[in-house]
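# Structural overview
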Amino acid sequence: IVVYETVVDADFDPKAVLALERLYEAEKRPEDLASLLQRRIDEGREDTIALRLRLASVLESSLGDTDKAIDEAETALEADTQNPATIRHLEALLE
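Quick look at the structure, then. Remember, predicted model here, so these are calculated numbers, not experimental data.

### So, the packing of helix H5 (residues 66-79) against helix H6 (residues 84-94)
Across the interface, H5 lies against H6 with an axial gap of 9 Å and an inter-helix angle of 155°. What the angle tells us is that H5 and H6 run roughly antiparallel. The two elements H5 and H6 cross, and the hand of that crossing is left-handed. Contacts between H5 and H6 pair Thr-66, Ala-69, Ile-70, Ala-73, Glu-74, Ala-76 and Leu-77 from the former with Thr-86, Ile-87, His-89, Leu-90, Leu-93 and Leu-94 from the latter.

Encoded structure:
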């Protein structure tokens, strides 16, 4: 994990980022996973809607932070108000 974190910190290599993400999931490190997802969103190189929904899932299910999860889902919805996955995700969080 340390090697991948070093590579990601140095140049945010996409392959290293995905490998690190899988390692954080496998090692049950949701705080680190949430941080990495947020960093991917901040980089703006990818589909931020999907990343925000994934972050919302981690925040809610692994970290128990429903309020922040709702914020992420709402931000995703603002980007695409007709996205069915985003609408379903936000509805589930609000139940």
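### Section: the environment of Ala-16
Position of Ala-16 among the secondary structure elements: in helix H2 (residues 14-26). Look at Ala-16 and you get buried, because its relative accessible area is 5%. With 56 residues separating them along the chain, Ala-16 and Glu-72 place their C-alpha atoms 24 Å apart.

### A word on helix H4 (residues 48-62)
With 15 residues, H4 should reach 21 Å at 1.5 Å per residue; the first-to-last C-alpha distance of 20 Å fits that figure. Among the residues of H4, those classed as buried are Ile-49, Leu-51, Arg-52, Leu-53, Leu-55, Ala-56, Val-58 and Leu-59. In this structure, the buried side of H4 is in contact with helix H3 (30-43), H5 and H6. Structurally, the start of H4 carries an N-cap: the backbone nitrogen of Ile-49 is 3.1 Å from a side-chain oxygen of Asp-47. Positive phi appears at Gly-64, one or two residues downstream of H4, with a value of about 70°.

So, how was this worked out
- Residues numbered from 1 in each chain as written.
- Predicted model: local features only at pLDDT ≥ 70, side-chain atom pairs only at ≥ 80, totals over all residues.
- Heavy atoms only, no water.
- Axes fitted to C-alpha atoms, helices over the stretch in contact; angles between N-to-C directions.
- Helix = DSSP H or I, 4+ residues; strand = E, 2+ residues; numbered from the N terminus.
- Parallel < 35°, antiparallel > 145°, perpendicular 65-115°, else oblique.
- Left-handed = near helix turned anticlockwise from the far one by under 90°.
- Contact = heavy atoms within 4.5 Å.
- Buried < 20%, exposed > 50% of the residue type's maximum accessible area, 1.4 Å probe, protein only.
- Expected span 1.5 Å × (residues − 1).
- Polar contact = N/O pair within 3.5 Å; in protein donor to acceptor, adjacent residues only side chain to side chain.

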